[in-house]
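# Geometric and topological summary
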Amino acid sequence: MRAPDIIMRKRDGHALSAGEIGYMIQGMLTGEVPDYQISAFCMAVFFQGMTPEETTALTMAMADSGRRVDLAAIRGVKIDKHSTGGVGDTTTLVLTPMVAAAGVPVAKMSGRGLGHTGGTLDKLESIPGFRVSLSEREFVDQVNRIGLAVVGQTEDVAPADKRLYALRDVTATVESIPLIASSIISKKLATGADAIVLDVKVGSGAFMHELGKARELALAMVDIGRMAGRRMAALITDMNQPLGQAVGNSLEVIEAIDTLSGRSGGRLLELCFELGARMVVLGGACDGIKDARVILRRLVESGAALAKLKEMVEAQGGDVSCVDDPGRIEVAPLSTLIRAPKDGYVCRADALTLGRAAATMGAGRQRKTDSVDLGCGLRVLVSVGDRVEVGQPVAELFASAQSRLDEGTIEATSAFAYSDAPCQAPPLIYEAVEA
């Protein structure tokens, strides 16, 4: 095989074989296919797309490019969940204890935040002592013992994805649906899950801004997983405003604990019930989504879901007293309120702007090597459609430096818009995609 011939075939709109795709990915890793040819290949895919079979072949080639995590020793159907990234998206910390308490083992590998989107590992590290790095043996043993573990992904999982993404980032090919779908699912296949539930965000704070593109991505990922022998489901959900009230690492952990304790709810809890119900069904613990919702709601009301979170925190070395008293979790010392400038209705609480404001104050990173201030962030105190009065607080901001607090306040203030007439909030869930 020759890379130029493969590039030319894809450029001209022909479907590639699994062998041709595998040759390009393996050649990228060995250096036999140089970066400029891989870049040309990505551009050809960007313009010509890929068939489901091609996308699956690309996904499998990347999943096989490094070490595959062996979860065979975990009893039952191992379930995982993936979100395409958003603002105030604390679902992992709420729904994984719920699902584990329902008897479905959750073996989850997560990442760190980048830009305006948060990362589960950063959030968990807000709990003093919490270990996000476990050996594979520790990981498997913990899931078998308590039904739940959330850890960081190791560098040797799907290394081809990291190489390919770096080239996509500098060649304006990041937005290609086949390349996005294969990137996400390759890591999920390599980390050993039997079933995967996807939360595909759409809106200003999401990677996908258009519903049609989000639908295309969801369908592509569900198809890949199905063809790879996995149980799959996806929800397309709104990210025009933050999902939860909290945006920022410590603040989101506090909100997760409050949600499982019954002190908070709203859109975050409702989405967790919907995602969690599909995880429970795919995991074989319940036959129908409606019944699964009832089970999960009872587990929250009884305190069983919160107890499962506490078990995980204790198992991974975290300070469990923080679960009993989330006030012990450190929050940045400086704070201020943003207030409504007039009577009216909230017609915009822009997720992207609020995410950027939190990052400006120290809650996010622009490069993977950047550090974050875990206590910084904001709480959004209203939702789109809410009636407000002049002077009513609409957001509370937290930072460790006055200059960052001032800068974040200016940005966050611009996220809100008000109307004299009532306005309708966007739906929480646009569509469900089942395999």
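Going by the structure above, here's the rest.
Residues numbered from 1 in each chain as written. Predicted model: local features only at pLDDT ≥ 70, side-chain atom pairs only at ≥ 80, totals over all residues. Heavy atoms only, no water.

Ranked by size, the top nonpolar core spans 85 residues in total, and within it M98, L378 and F416 carry the most contacts. With 10 residues, the top contributor of residues to this core is helix α12 (residues 266–282). When neighbours within four sequence positions are excluded, L378 is seen to be in contact with Q245, A246, V247, L251, L354, A357, A358, M361, E396, L397 and F398. Core analysis: the next-biggest nonpolar cluster, separate from the first, contains 39 residues, I180, M208, L217 and V433 among them. (Core = buried A, V, L, I, M, F, W, Y, C linked by side-chain atoms within 4.5 Å. Buried < 20%, exposed > 50% of the residue type's maximum accessible area, 1.4 Å probe, protein only. Helix = DSSP H or I, 4+ residues; strand = E, 2+ residues; numbered from the N terminus. Contact = heavy atoms within 4.5 Å.)

Another aspect to go through is the sheet that holds strand β9 (residues 377–380). Spatial ordering of the open sheet is given by β6-β9-β11-β7, a layout of four strands whose pairing is antiparallel. With partners counted over all chains shown, the strands left at the sheet margins are β6 (246–247) and β7 (334–339), one partner each. Bridging between β9 and strand β11 (residues 393–399) involves four bridges; their strand directions are antiparallel. Its bridge partner being in β11, L378 is matched across the sheet by L397. In the packing of helix α17 (residues 402–413) onto the sheet, the strands contacted are β7 and β11, and the crossing angle to β7 comes to about 20 degrees. (Pairing = 2+ DSSP bridges. Axes fitted to C-alpha atoms, helices over the stretch in contact; angles between N-to-C directions.)

Strands sit in the order β10-β8-β12 across an open sheet of three strands; the sheet is antiparallel. Every other strand in the sheet has two partners, leaving β10 (387–388) and β12 (416–419) as the edge strands with one partner each. Where strand β8 (residues 344–349) meets β12, four bridges bridge the pair, whose relative direction is antiparallel. Residue pairing in the sheet places R348 in a bridge with A417 of β12.

With that settled, consider unusual backbone geometry. Positive phi is not limited to glycine here, since A158 has a value of about 50 degrees. Residue classification places A158 among the buried residues on the basis of a relative accessible area of 0%. Of note in this structure, A172 is not a glycine but carries a positive phi near 60 degrees. Mapping A172 onto the fold places it in the loop between α8 (159–170) and α9 (177–190). Residue A172 is classed as exposed on the basis of its relative accessible area, which comes to 55%.

A word on the side chain of K81. Topologically, K81 is positioned in strand β1 (residues 79–83). Buried charge K81 goes without a salt bridge, the closest partner of opposite sign being D89 at 4.8 Å. Polar contacts involving the side chain of K81 include one to the side chain of T91, which spans 2.8 Å. (Lys, Arg positive; Asp, Glu negative; His and termini not counted. Salt bridge = Lys/Arg side-chain N within 4 Å of Asp/Glu carboxyl O. Polar contact = N/O pair within 3.5 Å; in protein donor to acceptor, adjacent residues only side chain to side chain.)

Next up on the list: the layout of surface pockets. In this structure, the second largest pocket encloses a volume near 190 Å³. L243, G244, Q245, R267 and S383 are the residues nearest the centre of the second largest pocket, which is lined by 15 residues in total. Looking at the lining of the second largest pocket, the element that brings in the most residues is α12, giving three residues. Of the residues that constitute the lining of the second largest pocket, the class distribution is six nonpolar, seven polar and two charged. (1 Å grid on protein atoms, 1.4 Å probe; cavity = no way out; pocket = protein on both sides within 12 Å on 5 of 7 lines; lining within 4 Å. Points joined across faces, edges and corners; volume = space filled by probe spheres on them. Nonpolar A, V, L, I, M, F, W, Y, C, P; charged D, E, K, R; others polar.)

In this section: the pattern of salt bridges. Enumeration over the complete set of coordinates arrives at 30 salt bridges. Across the pair E54 and K10 runs a salt bridge, and its minimum N-O distance is 2.9 Å. Here K10 lies in helix α1 (residues 3–11) and E54 lies in helix α4 (residues 52–63), a separation of 44 residues in the sequence. Note on K10: relative accessible area 2%, which makes it buried.

Before going further, it helps to spend a moment on the pairing of β8. Sheet analysis places β8 next to β10, joined by two bridges and oriented antiparallel. From the neighbouring strand, Y345 faces β10, where its bridge partner is R387.

A separate point is a nonpolar patch on the surface. A cluster of nonpolar residues, M43, F46 and F47, forms a patch on the protein surface that exposes about 290 Å² of accessible area. Tracing the backbone shows F46 in helix α3 (residues 35–48). (Patch = residues over 30% accessible without salt bridge, like charges linked within 9 Å, V, L, I, M, F, W, Y side chains within 5 Å. Areas by Shrake-Rupley, 256 points an atom, 1.4 Å probe, with all protein chains shown as cover.)

Per the stated rule, a full pass over the model turns up one aromatic pair. Aromatic side chains F46 and F47 sit 5.2 Å apart centroid to centroid with 85 degrees between the ring planes, which places their arrangement in the edge-to-face category. For F46, a relative accessible area of 32% puts it in the partly exposed group. Lying across the ring of Y345, R387 places its NZ or CZ 5.3 Å from the centre. (Phe/Tyr/Trp six-rings, centres within 6.5 Å; stacked < 30°, edge-to-face > 60°. Lys NZ or Arg CZ within 6 Å of the ring centre and 35° of its normal.)

This paragraph deals with the environment of A195. Considering the arrangement of structural elements, one finds A195 in strand β4 (residues 195–202). C-alpha separation for the pair A195 and V106, spaced 89 residues apart in sequence, amounts to 9.9 Å. Residues in contact with A195, not counting those within four places in the same chain, are V77, K78, I79, D80, R231 and L282.

Turning our eyes to something else, we now look at the environment of G364. When you line up the elements, G364 lands in the loop between α16 (351–363) and β9. Separated by 12 residues in sequence, G364 and C376 place their C-alpha atoms 9.0 Å apart.

Moving on to the packing of α8 against α9. Following both chains from N to C, one finds α8 and α9 inclined at 155 degrees, their axes separated by 10 Å at the closest point. Of the possible angle classes, the one that applies to α8 and α9 is roughly antiparallel. Between α8 and α9 lies a crossing of left-handed hand. Across the interface between the two elements, D161, L164 and R168 from α8 touch L179, I180, S183, S186 and K187 from α9. Here the residues of the contact of α8 with α9 sort into three nonpolar, two polar and three charged. (Parallel < 35°, antiparallel > 145°, perpendicular 65-115°, else oblique. Left-handed = near helix turned anticlockwise from the far one by under 90°.)

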